[in-house]
Amino acid sequence: SISMGQGQEAHAEASLDKATKEGGWVFLQNVHLMQSWLPTLERRLEIAAESGHDDFRCFLSAEPPPLPDQQTVPEGILQAAIKVANEPPADLKANLRMAFALFNQNTFDASSKKEAHRPMLFALCFFHALSLGRRKFGFQGFSRSYPFNNGDLNVCASVLHNYLEANAEVPWDDLRYNFGEIMYGGHITDFWDRRITNTYLDVLMKPALLESGSAFVLAPEYKPLREGEYDAFKNYVDQLPPEDPRLFGMHPNSQIALLQQDAATLFAALRTISGGGGGAAAGGAAAGGGKEQRAGRMLEDLKAKLPEPFLMIEIKAKAGDKVGPYQVCALQELERANMILREMRRALDELELGLTGALNISDLMDTLITNLAGNEVPNTWLKICGQVGPTGNYNRKPLGAWFADLLLRVKQLKEWVDNTLAPPPSVWIAGLFNPMGYVTACLQVTARAKGLPLDTMEVHTEMTAFEPAQVNTQPSEGTYVHGLFMEGARWDREAGMLGESLPKELHPPMPVMHIKGVTEDMRVTQGVYTCPVYTTTIRGPTFTFSAPLKTDRPSDFWVLAGVCLVMQPDS
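Worth saying up front: this structure is predicted, and the values here are computed from it rather than measured. (Residues numbered from 1 in each chain as written. Predicted model: local features only at pLDDT ≥ 70, side-chain atom pairs only at ≥ 80, totals over all residues. Heavy atoms only, no water.)

Enquirer: Residue-level account of the overall build of the chain, with values.
Expert: Scanning the chain from terminus to terminus reveals 19 helices and 15 strands. Along the three orthogonal principal directions, the C-alpha set of the chain runs to about 80 × 70 × 45 Å. Within the chain, the proportion of its 571 residues that are buried is 46%. A total of about 27,900 Å² of accessible surface is found on the chain, and carbon and sulfur atoms cover 53% of it. Taken together, the 52 basic and 67 acidic charged side chains of the chain have centroids lying 3 Å from each other. (Helix = DSSP H or I, 4+ residues; strand = E, 2+ residues; numbered from the N terminus. Buried < 20%, exposed > 50% of the residue type's maximum accessible area, 1.4 Å probe, protein only. Areas by Shrake-Rupley, 256 points an atom, 1.4 Å probe, with all protein chains shown as cover. Lys, Arg positive; Asp, Glu negative; His and termini not counted. Charge placed at Lys NZ, Arg CZ, Asp CG, Glu CD.)

Structure, rendered in structure tokens:
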């Protein structure tokens, strides 16, 4: 048994060679951590299948990839293997039943403080079920898929028992910290995801849980059971109402988003299996025909609309020496735009020669043909745009929508150039390759104007009541930006604060946002929800900054709803 990690390749290869020759079992754990070595493993297993000892067996364990369309284990290994998957059910009630089944009457009898231990253990099981079931809502649930397991719940139950026995009063803060920051929090690598689990514990693990006369509920229509034996609690689980997104603190719209994503994943898999797919081109080219024909039509459409790169020498000469933070940001955006425009032109010209027979089709060209035929954005283009990272592809738009978006980005940059690199009245922040760079430029301008160190500045946001077309000039302090959408809630324009989502409205647009730089002592903390802002709905690695938004509800309500701002919806 070998736990795979850096430096274990030679040990694993030696063990495989020995077992292949002499017979034996080899167990390689967590092979998803060794993606660069997996092709070597695939080849050695092919050799073992052809000429290995009859008693040779190789067992592999791996976590699933972060996204359904990503692949960590090579396809050849998966096809040759007998696969066993162990994942909890997605249904909250089933997860709660499985969690509570880990305990028995002896667990109840072991505690000398039954009045506190039994309802708290049940609430702990409910928290475990919420953490497992929330993952099905994708990035709106958690930005990453965390391996919460029964061992976490068992250890937390032991901690609960020991703390209750050792203290005269229930140590609520200590228990919440142990559960949220150490046991379950040990799996969590994203600050905003940890905020969700800690919020669950804040609303579940509190004194009202033990007060018989209180109106406390675990979730809508899920009242706590405060007394009884093990069988009474077990039967109570079976009587609970059916699942609803509101049990997780989420809006019913999240169920629509879940079904849409499941359908998109299914059709993407079907398209991959079938060797490509149709889809309209950027200018409405009809689908159909062979892969090369579809790619050729898309190629012609892209080339006809692809803008020319910006003339940086002339732009810099026109700007002169008066280059501030906003101008530096604009020049960086122009350089990035030129990089992607030149690479697209080069790749399309080369592929055009390949399709006409003037050049041999290389592997890169063949991949580009597949991308164009399937209406997918090539990874080489996304990498230049900063839309590919360590965990994979952050773009969820088809090629046609992505290219239309690129044209709008170039259009905004032309406005900057025509205005001597000064920002337009309201900046389409979603159209920047590095939106955080522009926010930082805003903080730099404020810090210089007030003579403050940059590292003392923090982002403060205020939502205005007007649309981008109504803005004529930038404010005297800070900057106006637009192009944001809200997920999990909406902006109530009449009330000027956060409001619940309207039915079937998944990504309502936001009005113009006023971003300012403030010092920590000026930061507003009361009556606001600290809302994370992401470039795409993938969240996690696409986090840009946090925006305080006005609300008349407790912040916990919006945290559990998974409310955030995104710059680029999926279509």
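That covers the picture; the talk isn't over yet.
Enquirer: Describe the packing of helix H12 (residues 291–305) against helix H15 (residues 363–373), naming the residues involved and giving the relevant values.
Expert: Two elements in contact, H12 and H15, have axes whose closest approach is 8 Å; the angle formed by their N-to-C orientations is 80°. Between H12 and H15, the crossing angle belongs to the class labelled roughly perpendicular. In contact with Lys-291, Glu-292, Arg-294, Ala-295, Met-298, Leu-299 and Leu-302 of H12, H15 contributes Asp-366, Ile-369, Thr-370, Leu-372 and Ala-373. Tallied by class, the residues present in the contact of H12 with H15 amount to 7 nonpolar, 1 polar and 4 charged. (Axes fitted to C-alpha atoms, helices over the stretch in contact; angles between N-to-C directions. Parallel < 35°, antiparallel > 145°, perpendicular 65-115°, else oblique. Contact = heavy atoms within 4.5 Å. Nonpolar A, V, L, I, M, F, W, Y, C, P; charged D, E, K, R; others polar.)

Enquirer: Outline H15, supporting the account with residue identities and numerical values.
Expert: Side chains of residues three or four places apart in an α-helix project in the same direction, reflecting 3.6 residues per turn. The complete set of buried residues in H15 reads Met-365, Leu-368, Ile-369, Asn-371, Leu-372 and Ala-373. Buried residues in H15 make contact with H12, helix H14 (325–355), helix H16 (379–384) and helix H17 (399–418). Just downstream of H15 lies Asn-375, where phi reads positive at about 60°.

Enquirer: Break down helix H13 (residues 312–319) for me, citing the residues and quoting the values.
Expert: Residues Met-312, Ile-315 and Ala-319 constitute the buried set of H13. With its buried residues spanning 65° around the axis, H13 presents them on a single face. Counted as exposed and oriented over 90 degrees from the buried face of H13: Ile-313, Glu-314, Ala-317 and Lys-318. Contacts made by the buried residues of H13 are with H14 and H17. (Arc of directions from axis to C-beta.)

Enquirer: Report on the nonpolar core, specifying residues and quantitative values.
Expert: Grouped together as the largest cluster of nonpolar side chains are 130 residues, with contacts concentrated most on Ile-340, Leu-372, Trp-381, Trp-402 and Phe-545. Among residues more than four places away in sequence, those in contact with Trp-381 are Leu-302, Ile-340, Glu-343, Met-344, Ala-347, Leu-348, Leu-368, Leu-399 and Trp-402. Formed by 16 residues, the second largest nonpolar core is a distinct cluster that contains Ala-19, Leu-38, Leu-41 and Phe-56. (Core = buried A, V, L, I, M, F, W, Y, C linked by side-chain atoms within 4.5 Å.)

Enquirer: Now, about the pairing of strand S3 (residues 56–60): what can you tell me, with residues and values included?
Expert: Where strand S2 (residues 24–29) lies against S3, 5 bridges are found, and the strand directions are parallel. Bridge assignment links Phe-27 to a residue of S3, and that residue is Phe-59. Handedness of the crossover joining S2 and S3 through helix H2 (residues 38–51) is recorded here as right-handed. (Pairing = 2+ DSSP bridges. Right-handed = clockwise from strand over helix to strand, strands pointing away.)

Enquirer: Could you give an account of the environment of Leu-41, with specific residues and numbers?
Expert: With respect to the helices and strands, the residue Leu-41 is situated in helix H2. A residue is classified by how much of its surface remains accessible, and Leu-41, at 0% relative accessible area, is buried. Distance in space between the C-alpha atoms of Leu-41 and Val-237 is 46 Å, their sequence separation being 196 residues. When residues no more than four places from it in sequence are discounted, the contact partners of Leu-41 are Leu-16, Leu-28, Leu-60 and Ile-77.

Enquirer: Residues and numbers for unusual backbone geometry, please.
Expert: The phi dihedral of Asn-30 is positive, around 55°, even though this residue is not glycine. Mapped onto the elements, Asn-30 comes out in the loop between S2 and H2. Given a relative accessible area of 27%, Asn-30 falls into the partly exposed group. Phi is positive for Arg-539, close to 55°, though the residue is something other than glycine. Tracing the chain through its elements places Arg-539 in the loop between strand S13 (528–536) and strand S14 (543–550). You can call Arg-539 buried: its relative accessible area is 5%.

Enquirer: Go over the packing of aromatic side chains with me, naming the residues and quoting the values.
Expert: A full pass over the atoms with the stated rule returns 24 aromatic pairs. On the numbers, 5.7 Å between centres and 85° between planes, the contact of Phe-466 with Tyr-480 is edge-to-face. Pair noted here: Phe-466 is in the loop between strand S7 (457–463) and strand S8 (479–482) and Tyr-480 is in strand S8, with a separation of 14 residues, a long-range link. Given a relative accessible area of 25%, Phe-466 falls into the partly exposed group. For Tyr-480, a relative accessible area of 14% puts it in the buried group. An aromatic cluster is present here, built from Phe-100, Phe-108, Phe-122, Tyr-230, Phe-233 and Tyr-236 joined pairwise through their rings. Taking NZ or CZ as reference, Arg-409 lies 5.0 Å from the ring centre of Phe-433, over its face. Lying across the ring of Phe-557, Arg-553 places its NZ or CZ 4.2 Å from the centre. (Phe/Tyr/Trp six-rings, centres within 6.5 Å; stacked < 30°, edge-to-face > 60°. Lys NZ or Arg CZ within 6 Å of the ring centre and 35° of its normal.)

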